[in-house]
Amino acid sequence: MNHRAALVVFSGGQDSTTCLFWAKQRFERVVALSFVYGQKHQHEVDMAREIAHIAEVEFHLMDASFIARLSDNSLTNSALKMDEAKPADTFPNTFVPGRNLFFLAMAAVFAREHGISHLVTGVSQTDFSGYPDCRDAFIKSMNVTLNLAMDEQFVVHTPLMWIDKAQTWALADELGVLDLVRYKTLTCYNGVVGDGCGHCPACKLRREGLEQYLQSKKK
């Protein structure tokens, strides 16, 4: 295993792009792995490939389209109206059950076959929109499970776990990629690059964080 190499689970969105450049500062070799899972906003894959090229990192794309067939959610079902706010008693219908579970499992197998022991993912418990597979307890549990399943010593890194969106923008700025993250990434659930559509949950969270960060810079 190469302990100086990292695999980034990479969507081409704000969080994973920030993590990609975080990894570039810390590892000699960085590989970006993206997934097609039946998402409506598949343009994110094009942006991921372009950003990986800009970052000069190896890019791979994996088919995980089976995920869309397992559950009904508004990210993979165009006929389902998207929740624009989190319901009080359940998950928002933008939750794709098992998505991070499958992504990390597939990423770990890929990493093992390429001799990589470090995995990086942009999940955050601070801004997790009610998604259980973004929580620290899940990541720690998954890390143990991956190691037991393959008798390896993977280390799952979550640089954004305990920071909010404003702090994520601050990290991107610190890494020198604030403009790239703002204008080249695709976070929007409706597939609009950059500042996005402005009204989906991902855009609202992203915009509020950016406004908070820019306001803090003026003080």
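Scroll up a little and you will see the structure.
Definitions and cut-offs
- Residues numbered from 1 in each chain as written.
- Predicted model: local features only at pLDDT ≥ 70, side-chain atom pairs only at ≥ 80, totals over all residues.
- Heavy atoms only, no water.
- Helix = DSSP H or I, 4+ residues; strand = E, 2+ residues; numbered from the N terminus.
- Rg over C-alpha atoms; globule rule 2.2 N^0.38 Å.
- Buried < 20%, exposed > 50% of the residue type's maximum accessible area, 1.4 Å probe, protein only.
- Contact = heavy atoms within 4.5 Å.
- Areas by Shrake-Rupley, 256 points an atom, 1.4 Å probe, with all protein chains shown as cover.
- Lys, Arg positive; Asp, Glu negative; His and termini not counted.
- Charge placed at Lys NZ, Arg CZ, Asp CG, Glu CD.
- Polar contact = N/O pair within 3.5 Å; in protein donor to acceptor, adjacent residues only side chain to side chain.
- Expected span 1.5 Å × (residues − 1).
- Phe/Tyr/Trp six-rings, centres within 6.5 Å; stacked < 30°, edge-to-face > 60°.

Trainee: Go over the overall build of the chain with me, naming the residues and quoting the values.
Mentor: A tally of regular secondary structure across the chain gives eight helices and five strands. Mapped from its N terminus to its C terminus, the chain presents α and β elements in the order β-α-β-α-β-α-α-β-α-β-α-α-α. Against the globule reference of 17 Å for 219 residues, the chain gives a C-alpha radius of gyration of 16 Å, in line with a compact fold. Taking the principal axes of its C-alpha atoms as reference, the chain extends roughly 45 × 40 × 30 Å. Each of the 219 residues in the chain was classed as buried or not, and the buried ones make up 53%. Taking the intrachain contacts of the chain between residues at least 6 apart in sequence as the baseline, contacts between residues at least 24 apart amount to 70%. Carbon together with sulfur atoms contributes 51% to the accessible area of the chain, which is approximately 10200 Å² in total. Of note, the chain has its 22 positive side-chain charges centred 3 Å away from the centre of its 25 negative side-chain charges.

Trainee: Tell me about the side chain of Gln14, and please be specific about residues and values.
Mentor: Following the sequence through the fold, Gln14 ends up in helix 1 (residues 14-26). Looking at Gln14, the relative accessible area reads 1%, which means it is buried. Not counting the four nearest positions on each side in its chain, Gln14 is found in contact with Lys165, Thr168, Trp169, Val181, Thr185, Thr187 and Arg206.

Trainee: I'd love a proper account of the environment of Asp195, names of residues and values included.
Mentor: The residue Asp195 is located in the loop between helix 7 (178-184) and helix 8 (201-218) in this model. Excluding anything up to four places from it in sequence, Asp195 contacts Arg182, Cys203, Arg206 and Leu210. A polar contact is formed between the side chain of Asp195 and the side chain of Arg182, at a distance of 3.3 Å.

Trainee: Now, about helix 5 (residues 136-150): what can you tell me, with residues and values included?
Mentor: Under the 1.5 Å per step criterion, the end-to-end length of helix 5 is 21 Å for 15 residues, consistent within 8% with the ideal 21 Å. Tucked into the core, helix 5 has its buried residues touching helix 4 (99-113), strand 4 (116-120) and strand 5 (155-157). Just past helix 5, the residue Asp151 takes up positive phi, approximately 50 degrees.

Trainee: Requested: an account of the packing of aromatic side chains, with residues and values cited.
Mentor: Following the criterion strictly, the structure yields five aromatic pairs and no others. With a centroid separation of 5.6 Å and 65 degrees between ring planes, the pair formed by Tyr37 and Phe103 is classed as edge-to-face. Taken together, the residues span a long stretch of sequence, with Tyr37 in the loop between strand 2 (29-36) and helix 2 (43-55) and Phe103 in helix 4 at a distance of 66 residues. An aromatic cluster is built from Phe35, Tyr37 and Phe103, whose rings are joined through pairwise contacts.

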